Amino acid sequence: MQIAMESAVLPASVSSAEQSLCSVPWRLSKHGSSLQRNGNNMLAGQGLMQAWKFKPEKRRTNMHVHAMLKKSRRKTPDFEYPWPVKFKPGDLDGSPLPFLSRFKPLPTPPKPVPLPFELPLVHIQKKIQEIRETANTTGMDFSEQLSELQEKYDEVRKDLYNQLSPVQRLSVARHPNRPTCLDHVLNMTDKWLELHGDRAGFDDPALVTGIGKMDGMSFMFIGHQKGRNTKENIHRNFAMPTPNGYRKALRMMQHAERHGFPILTFVDTPGAYAGIQAEERGQGEAIARNLREMFGLRVPIITTVIGEGGSGGALAIGCCDKMLMLENSVYYVASPEACAAILWKTAAAAPQATEALKITAHELVKLDIVDQIIPEPLGGAHSDPLTTSMNIKEAILGHMRDLLKMEPDSLLKHRVGKFRKIGSVREGEQLDPRFKRNMKPRDAPFNESDQHQLQIPSFVRENLERTLTTASTPAS
Amino acid sequence: MVMSVINWFEDRQKFGGLIGAFLEEATRSSMTNERDRRISVNANKGLWARCDNCGNMLYVKFLKQNRSVCEECGYHLSMSSMERIELLIDPNTWIPLDEDMSARDILSFSDEDSYETRILLSQEKTGLTDAVQTGIGYLNGTLIALGVMDFHFMGGSMGSVVGEKITRLIEYATQRLLPLVLICASGGARMQEGTLSLMQMAKISSVLQLYQVQNKLLYISVLTYPTTGGVTASFGMLGDIIIAEPKAYIAFAGKRVIEQTLRQKIPDGFQAAESLFDNGLLDLIVPRNLLKGVLSEISGLYLSVPYNKN
């Protein structure tokens, strides 16, 4: 019987000994017992060697073997583990951490996507390609033209990328091949361990958190994660976090404070997710809570904007001691398309809105919001992700060295001070009373100091000095 | 113009009949869809106003006496910031702060009009210097720090001035240990000030950290119609107690944005105060007539804590 044993269903009375004998066409007795033991058997009482003398009979047994295939059970889809089913011999020599990361390099490198303003480069590249092909087919030497064209290509590229307009920078910031948060983190860190979940029912894929080691020091990394292709983008929800993501970030930040990890955040989001469930779960509240709690964390925080910084969704992990921006990244209060639709009443005015809103890194440095611009290699970050990551790492470590020397209280004061001075108002001059006609003027009598004293509750007045000089107590 | 439309409706009602009522219903629903259910009760323009909810005609003088709440159906019409201050603050106790602060066109922003022109026009039209009034005053005998936002000035948008005035109010309240009440009404951040408006959210939240968490003082936020965008995502939802007015529209992303993202119709009442209340995001829904009493009772409850040793 060549049927595999697991698919054959043998009667239960057949012992395992006989099962092994079934491959041999021995005649089995009715009761299926062993050859020697059964008294009814004609071979009974004789040794097995005696039994060999008999010719093997035709396979006529009373035993019916039902070779039933098991009903194929519908398998529940297997949880896709990031480690291989079988480990190769050399795998377990080094650190096991890479086996826990689901973020693996893409199987095929991404297709280059030229941006609209890169058309001249595309033309030159095509010409170079054609000349190379003709050189290959005809065998003639075109090296002079090729080198000329190559030089021209480099020059045009340099000119283009040194004078990018805000609209062009926005398109570079939104480039589909721009390196994502995890790309940078994996380039920068020696060890990386991704941590998950908000401990309240959800794990938002749009916001990644984890611990990494850089330059011998451990940091907490938090960032928005875009997808590298369409499938990943759908899984990551295009880096638009829901309230669950912000609560996960808050949990990690409080964890980092407790243990002493400085926090490094990476901003790359078009904005917080605008969906029904997000609203029901309190999107506004999650962002507000993050904003408030970040100003009470007694560890250094450095934020790097690596792509787009979309309004409140970006700010919720962006209240920092130092704000760094990549050269071609943007940070806006409302996307230029939304702004155009509201103020210009047409989405076609998006380029004008981009220019007017002053969203690029250089303009934000002038407004005292951004502390340093990190240069990108020529061609944008997507052309050389490794160099970009190294630039970011250098900038972060430079600022971190200064921040690590500060005491927690002065760190908090510095952080509040950084945001306190942002904003520009006009005051000091008396305005036209017409402009104040609907504002309630003062109607309290002018001995205010007495009035204030009268109503402060007594226990507060007793502890007045203590409460006023209380330095930052740990956030409750 | 307003008078003639009102007269037309009154005539229709006089003649009565099912057809009249049907047409009136149809026009009213189309109007509300366009105007987003907002009605500005402007005492200067006419003697009559119309309730948006029940269509009832309301005599403005009585309406003001009733705190802009419709007598028939209880619908809360919009209220200016001056009226709100008078609603809450005891007479002859109000001291305003930073009255002469106004916006600066830092980005030299210009869409169809320049930002500066828009500011001047709004100041002229509304009689307000910017979208918020801040100050201190007594509420039933307790001194509080009060900030009231006004939707009439550029849609209540939060720019540098709103951020600075509220920050200074909170810093004053921290120094003087006053309870804080902020009444929120906003369409979002002021786009003409770009990323500066965004940072105001962080600025206000940073001083709230010092006020609430480090100095453990009481902050009550009152959310009115409408409270959206940056205000919801910063100080609106950070109150120790969050109070909303009935049927207030409280959202982070506006209805249109959600509909565009999801490409499906949003159910009515989705971002209304009642729906947020059911989802656990608010503490209380308090009608306007009771607001002053409720605020005063709350501050009384917090003042009589017996174990304030922390």
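For every chain, the first residue of the written sequence is number 1, and numbering continues from 1 along that sequence. As they are written, the chains are lettered A onward and the ligands numbered 1 onward, keeping that order. Reporting in this predicted model follows two pLDDT cut-offs: at least 70 for local features of residues, and 80 or more for side-chain atom pairs to be given and counted; totals over whole chains, interfaces and linings ignore these cut-offs and use all residues. Calculation of side-chain values draws on the structure's entire complement of heavy atoms; hydrogens and water are dropped beforehand.

Quick look at the domain arrangement of chain B
All names here are of chain B.
Part 1: Source of the domain bounds: an automatic or database domain assignment. You can read the domains of chain B as domain 1 (47-77) and domain 2 (78-304).
Part 2: Computed over C-alpha atoms, the centres of domain 1 and domain 2 are 24 Å apart.
Part 3: It only takes one pair of heavy atoms within 4.5 Å for two residues to be counted as in contact. Facing nine residues of domain 1, the contacting portion of domain 2 comprises ten residues.
Part 4: Simply put, the buried area is the total loss of 1.4 Å probe accessible area from both parts when two parts are fitted together. Here domain 1 packs against domain 2, burying approximately 860 Å² in sum over the two surfaces, 48% of which is carbon and sulfur.
Part 5: Taken as a group, Arg67, His76 and Leu77 account for 63% of the area that domain 1 buries against domain 2, more than any other trio of residues on that side.
Part 6: When a carboxyl oxygen of Asp or Glu lies within 4 Å of a side-chain nitrogen of Lys or Arg, that pair is called a salt bridge. At the junction of domain 1 with domain 2, the criterion picks out one salt bridge.

Section: the interface of chain B and chain A
Part 1: Every contact between the two is made by 89 residues of chain B and, on the other side, 81 residues of chain A.
Part 2: Across the chain B/chain A interface, buried area totals approximately 7800 Å², and carbon plus sulfur atoms make up 62% of it.
Part 3: Put simply, chain B and chain A have six salt bridges between them.
Part 4: Its salt-bridge partner being Glu124(B), residue Arg434(A) comes within 2.2 Å of it at the nearest N-O pair.
Part 5: Counting of polar contacts relies on pairs of N or O atoms within 3.5 Å, with two restrictions inside protein: one atom must be capable of donating a hydrogen and the other of accepting it, and residues adjacent in sequence are counted only when both atoms are side-chain atoms. In this structure, the connection of chain B to chain A is made through 34 residue pairs in polar contact (both at pLDDT 80 or more).

Concerning the sheet that holds strand 5 (residues 132-139) of chain B
Residues and elements named next belong to chain B.
Part 1: Spatially, the seven strands line up as an open sheet ordered 3-5-6-7-8-9-10, and their pairing is mixed. Taken across any chain shown, the strands that pair with only one partner, and hence form the sheet edges, are strand 3 (95-97) and strand 10 (284-285).
Part 2: The rule for pairing is simple: two strands pair if DSSP sees at least two bridges between them. Every helix listed is a DSSP run of H or I at least four residues long, and every strand listed is a run of E at least two residues long, numbered separately from the N terminus. Two strands pair when backbone bridges link them, and strand 7 (residues 180-186) and strand 8 (residues 219-227) are joined in this way by six bridges, in the parallel orientation. Bridging from a neighbouring strand, Leu182 pairs with Ser221 of strand 8.
Part 3: Packed onto the sheet, helix 4 (residues 81-88) meets strand 5, strand 6 (142-149), strand 7 and strand 8 and runs at close to 160° relative to strand 6. Orientation is described by axes fitted as lines to C-alpha atoms, over the contacting stretch for helices, and by angles from 0 to 180 degrees between their N-to-C directions.

Observations regarding the packing of aromatic side chains
All names here are of chain A.
Part 1: Working definition: a ring pair exists when centres of Phe, Tyr or Trp rings (six-membered ring for Trp) sit within 6.5 Å. Plane angles under 30 degrees give stacked, over 60 give edge-to-face, the rest tilted. Counted by the stated rule, this structure contains eleven aromatic pairs over all chains.
Part 2: Relative to Trp83, the ring of Tyr81 has its centre 4.6 Å away and its plane inclined at 25°; by these criteria the two rings are stacked.
Part 3: Working definition: with a 1.4 Å probe on protein chains only, accessible area under 20% of the residue-type maximum means buried, over 50% means exposed, and in between means partly exposed. For Trp83, a relative accessible area of 36% puts it in the partly exposed group.
Part 4: Ring plane angle 85° and centroid distance 5.1 Å describe the contact between Phe87 and Phe99, whose orientation is recorded as edge-to-face. Within this pair, whereas Phe87 is found in the loop between strand 2 (66-67) and helix 3 (119-138), its partner Phe99 is found in the loop between strand 2 and helix 3, the two being separated by twelve residues in sequence.
Part 5: Owing to a relative accessible area of 37%, Phe87 belongs among the partly exposed residues under this scheme.
Part 6: You can call Phe99 buried: its relative accessible area is 18%.
Part 7: Taken together, Trp192, Phe219, Phe221 and Phe266 form an aromatic cluster joined through their ring pairs.

Re a negative patch on the surface
Part 1: To count toward a patch, a residue needs a relative accessible area above 30% and no salt bridge. Like charges then connect within 9 Å, nonpolar side chains (Val, Leu, Ile, Met, Phe, Trp, Tyr) within 5 Å. All accessible-area figures derive from a Shrake-Rupley calculation using a 1.4 Å probe, and residue coverage is judged against the displayed protein chains alone. Neither His nor the chain termini are counted; the positive set is Lys and Arg, and the negative set is Asp and Glu. Think of each charge as sitting on NZ of Lys, CZ of Arg, CG of Asp or CD of Glu. A cluster of acidic side chains, namely Asp141(A), Glu144(A), Glu148(A), Glu151(A), Asp154(A), Glu155(A) and Asp159(A), defines a negative patch on the protein surface.
Part 2: By the element assignment, Glu151(A) lies in helix 4 (residues 143-162).

Looking at the UniProt feature "domain: CoA carboxyltransferase C-terminal" (unreviewed entry) in chain A
Part 1: UniProt positions are given in the numbering used here, feature names are shortened, and annotations may be inferred rather than shown by experiment. Here, UniProt's "domain: CoA carboxyltransferase C-terminal" (unreviewed entry) annotation points to residues 148-402 of chain A.
Part 2: Spanning residues 148-402 of chain A, this segment combines 46% helix with 19% strand, and its end C-alpha atoms are found 47 Å apart.

Some details on the confidence of the model for chain A
Residue and element names in this part refer to chain A.
Part 1: Per-residue confidence for chain A averages 83 on the pLDDT scale, and 78% of its residues sit at or above 70.
Part 2: Throughout residues 1-10 the model reports pLDDT below 50, and contacts reaching past four residues in sequence, or to other chains, amount to 22 contacts.
Part 3: Predictor confidence is given residue by residue as pLDDT, running from a minimum of 0 to a maximum of 100. Under a pLDDT of 50 for its full length, residues 12-41 has, in the predicted model, 37 contacts with residues more than four places off or in other chains.

Focus on helix 16 (residues 408-420) of chain A
Part 1: Residue count minus one, scaled by 1.5 Å, sets the expected span of a helix. When the terminal C-alpha atoms of helix 16 of chain A are compared, their 18 Å separation across 13 residues agrees well with the 18 Å that a helix rising 1.5 Å per residue should span.
Part 2: All buried positions along helix 16 of chain A are accounted for by Leu411(A), Leu412(A), Arg415(A), Val416(A), Lys418(A), Phe419(A) and Arg420(A).
Part 3: Summarising the contacts, the buried residues of helix 16 of chain A are in contact with helix 10 (283-294), strand 7 (301-310), strand 8 (322-326) and helix 15 (385-403) of chain A together with helix 6 (160-176) and helix 7 (195-214) of chain B.

Quick look at the UniProt feature "domain: CoA carboxyltransferase N-terminal" in chain B
Part 1: UniProt records the feature "domain: CoA carboxyltransferase N-terminal" at residues 47-310 of chain B, using the numbering of this structure.
Part 2: Structurally, residues 47-310 of chain B comprises 35% helix and 19% strand, and the distance from its first C-alpha atom to its last is 55 Å.

Remarks on the packing of helix 6 (residues 181-188) of chain A against helix 15 of chain A
Packed helices, taken two at a time, are described by their axes: the angle between them and the distance between them.
All names here are of chain A.
Part 1: Running from amino to carboxyl end, helix 6 crosses helix 15 at an angle of 70°, the nearest separation of the two axes being 9 Å. Considered as vectors, helix 6 and helix 15 are oriented roughly perpendicular to each other. Between helix 6, through Asp183, His184, Asn187 and Met188, and helix 15, the contact on the second element is made entirely by Pro385, Leu386, Thr388, Ser389, Met390, Ile392 and Lys393.
Part 2: Partitioning the contact of helix 6 with helix 15 into residue classes produces five nonpolar, four polar and two charged. When describing relative orientation, an angle under 35 degrees is termed roughly parallel and one over 145 degrees roughly antiparallel, while 65 to 115 degrees is termed roughly perpendicular and anything else oblique. Gly is put with the polar residues, along with every residue not named as nonpolar or charged; the nonpolar set is Ala, Val, Leu, Ile, Met, Phe, Trp, Tyr, Cys and Pro, and the charged set is Asp, Glu, Lys and Arg.

Things to note about the environment of Met154(B)
Residue and element names in this part refer to chain B.
Part 1: Considering the arrangement of structural elements, one finds Met154 in the loop between strand 6 and helix 6.
Part 2: The buried category is assigned to Met154, whose relative accessible area is 19%.
Part 3: Spatially, the C-alpha atoms of Met154 and Ile285 are 27 Å apart, while their sequence positions differ by 131 residues.
Part 4: Residues within four places of Met154 in sequence aside, it is in contact with Tyr115, Arg118, Ser122, Arg190 and Gln192.

Details of the environment of Phe419(A)
Residues and elements named next belong to chain A.
Part 1: Here Phe419 lies in helix 16.
Part 2: Phe419 gets classed as buried once you look at its relative accessible area, which sits at 0%.
Part 3: Residues Phe419 and Asp368, spaced 51 residues apart in sequence, show a C-alpha to C-alpha distance of 9.4 Å.

Quick word on a nonpolar patch on the surface
Part 1: A contiguous nonpolar surface patch, about 720 Å² in accessible area, is contributed by Phe79(A), Tyr81(A), Trp83(A), Phe87(A), Leu92(A), Leu100(A) and Leu193(A).
Part 2: Positionally, Leu100(A) belongs in the loop between strand 2 and helix 3.

Description of empty space enclosed by the protein
Part 1: Think of a 1 Å grid over the protein atoms and nothing else: a 1.4 Å probe that fits but is trapped marks a cavity, an open set flanked by protein within 12 Å on at least five of seven lines marks a pocket, and residues with an atom within 4 Å of a point count as lining. Grid points are joined across faces, edges and corners, and a volume is the space filled by probe spheres set on the points. Under the counting rule described, the total for this entry stands at eight cavities of 30 Å³ or more.
Part 2: Of the voids in this model, the second largest cavity is the one considered here, and its volume is about 70 Å³.
Part 3: Taken together, Glu279(A), Gly282(A), Gln283(A), Gly284(A), Glu285(A), Thr232(B), Met237(B), Ile250(B), Ala251(B), Phe252(B), Leu276(B) and Leu281(B) form the lining of the second largest cavity.
Part 4: If one sorts the elements of the lining of the second largest cavity by residue count, helix 10 of chain A sits on top with three residues.
Part 5: Across the lining of the second largest cavity, the residue classes tally to six nonpolar, four polar and two charged.

Quick notes on unusual backbone geometry
Part 1: Cis rather than trans, the peptide bond between Tyr225(B) and Pro226(B) has omega equal to -20°.
Part 2: With respect to the helices and strands, the residue Pro226(B) is situated in strand 8.
Part 3: Phi at Arg199(A) takes a positive value of approximately 60°, unusual for a residue other than glycine.
Part 4: Structurally, the position occupied by Arg199(A) is in the loop between strand 3 (191-195) and strand 4 (207-214).
Part 5: By relative accessible area, Arg199(A) is classed as exposed at 71%.

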